[in-house]
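Architecture and fold: a report
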Amino acid sequence: MSSQEEILNDGRFSCITRDPRFWEMPEKKRKIKIDKRFRAMFHDKKFKLKYTVDKRGRPVNYTSTENLRKFYALSESDSDLSEDDSKERAEKKKKKKKAKPTGD
């Protein structure tokens, strides 16, 4: 910690604390938002790869879908819209079912 404080107090590196290029990215902005058209990539077999070793040859046991969830997120507006659409469809089905038993 003291070495980091020395670096920040050094005149050559004082601009680092004020420069937004060196700030840490907020967690909310880290993941790329994916709309509902591409949500199949989280559960489709075409996008799933099973790794047995990492890039350095060490054994691992994970799949590419874990990486997808790490870097991508469904956009909130689209997920809300899809939920609203499903609610509207359910309401329409209920209305149709209620309308059918008329007659005899």
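Thresholds applied
- Residues numbered from 1 in each chain as written.
- Predicted model: local features only at pLDDT ≥ 70, side-chain atom pairs only at ≥ 80, totals over all residues.
- Heavy atoms only, no water.
- Helix = DSSP H or I, 4+ residues; strand = E, 2+ residues; numbered from the N terminus.
- Buried < 20%, exposed > 50% of the residue type's maximum accessible area, 1.4 Å probe, protein only.
- Contact = heavy atoms within 4.5 Å.
- Areas by Shrake-Rupley, 256 points an atom, 1.4 Å probe, with all protein chains shown as cover.
- Salt bridge = Lys/Arg side-chain N within 4 Å of Asp/Glu carboxyl O.
- Pairing = 2+ DSSP bridges.
- Arc of directions from axis to C-beta.
- Patch = residues over 30% accessible without salt bridge, like charges linked within 9 Å, V, L, I, M, F, W, Y side chains within 5 Å.
- pLDDT = per-residue confidence, 0-100.

As a further point, take the overall build of the protein chain. Tallying secondary structure elements over the protein chain gives 4 helices and 4 strands in all. Going from N to C terminus, the protein chain has its helices and strands arranged as α-α-β-β-β-α-β-α. Residues classed as buried in the protein chain amount to 13% of the 104 residues present. Restricting the contact set of the protein chain to residue pairs at least 6 apart, pairs at least 24 apart contribute 49%. Within the structure as shown, the protein chain displays about 10000 Å² of accessible surface, and the carbon and sulfur contribution to it stands at 54%.

What follows covers the pattern of salt bridges. Applying the stated criterion across every chain yields a total of 5 salt bridges. Between D10 and R12 there is a salt bridge whose closest N-O contact spans 2.7 Å. Given the relative accessible area of 24%, D10 is considered partly exposed. With a closest N to O distance of 3.1 Å, R58 and D54 form a salt bridge.

Below, the discussion takes up the pairing of strand 3 (residues 59–63). Looking along a regular strand, one sees the side chains alternate between the two faces of the sheet. Note that strand 2 (residues 50–53) and strand 3 share 3 bridges and pair antiparallel. From the neighbouring strand, V53 faces strand 3, where its bridge partner is P59. Connecting the antiparallel pair strand 2 and strand 3 is a turn made up of 5 residues, with G57 showing a positive phi of about 90°.

Here we come to helix 3 (residues 64–71). Taken together, the buried positions of helix 3 are S64, T65 and L68. Projected down its long axis, helix 3 shows its buried positions confined to an angular sector of 105°, all on one face.

With that settled, the discussion passes to a nonpolar patch on the surface. A contiguous nonpolar surface patch, about 350 Å² in accessible area, is contributed by I7, F13, I16 and F22. On the secondary structure map, I7 appears in helix 1 (residues 2–9). The class of I7 is partly exposed, set by a relative accessible area of 46%.

A few words on the confidence of the model for the protein chain. Confidence in the prediction of the protein chain, expressed as mean pLDDT, is 76, and 71% of residues score 70 or more. For the protein chain, per-element mean pLDDT is lowest for helix 4 (residues 76–99), which scores 57, and highest for strand 1 (residues 32–34), which scores 88. Residue range residues 78–82 is modelled with pLDDT below 50. Its contacts to residues more than four positions away, or to other chains, number 4 contacts.

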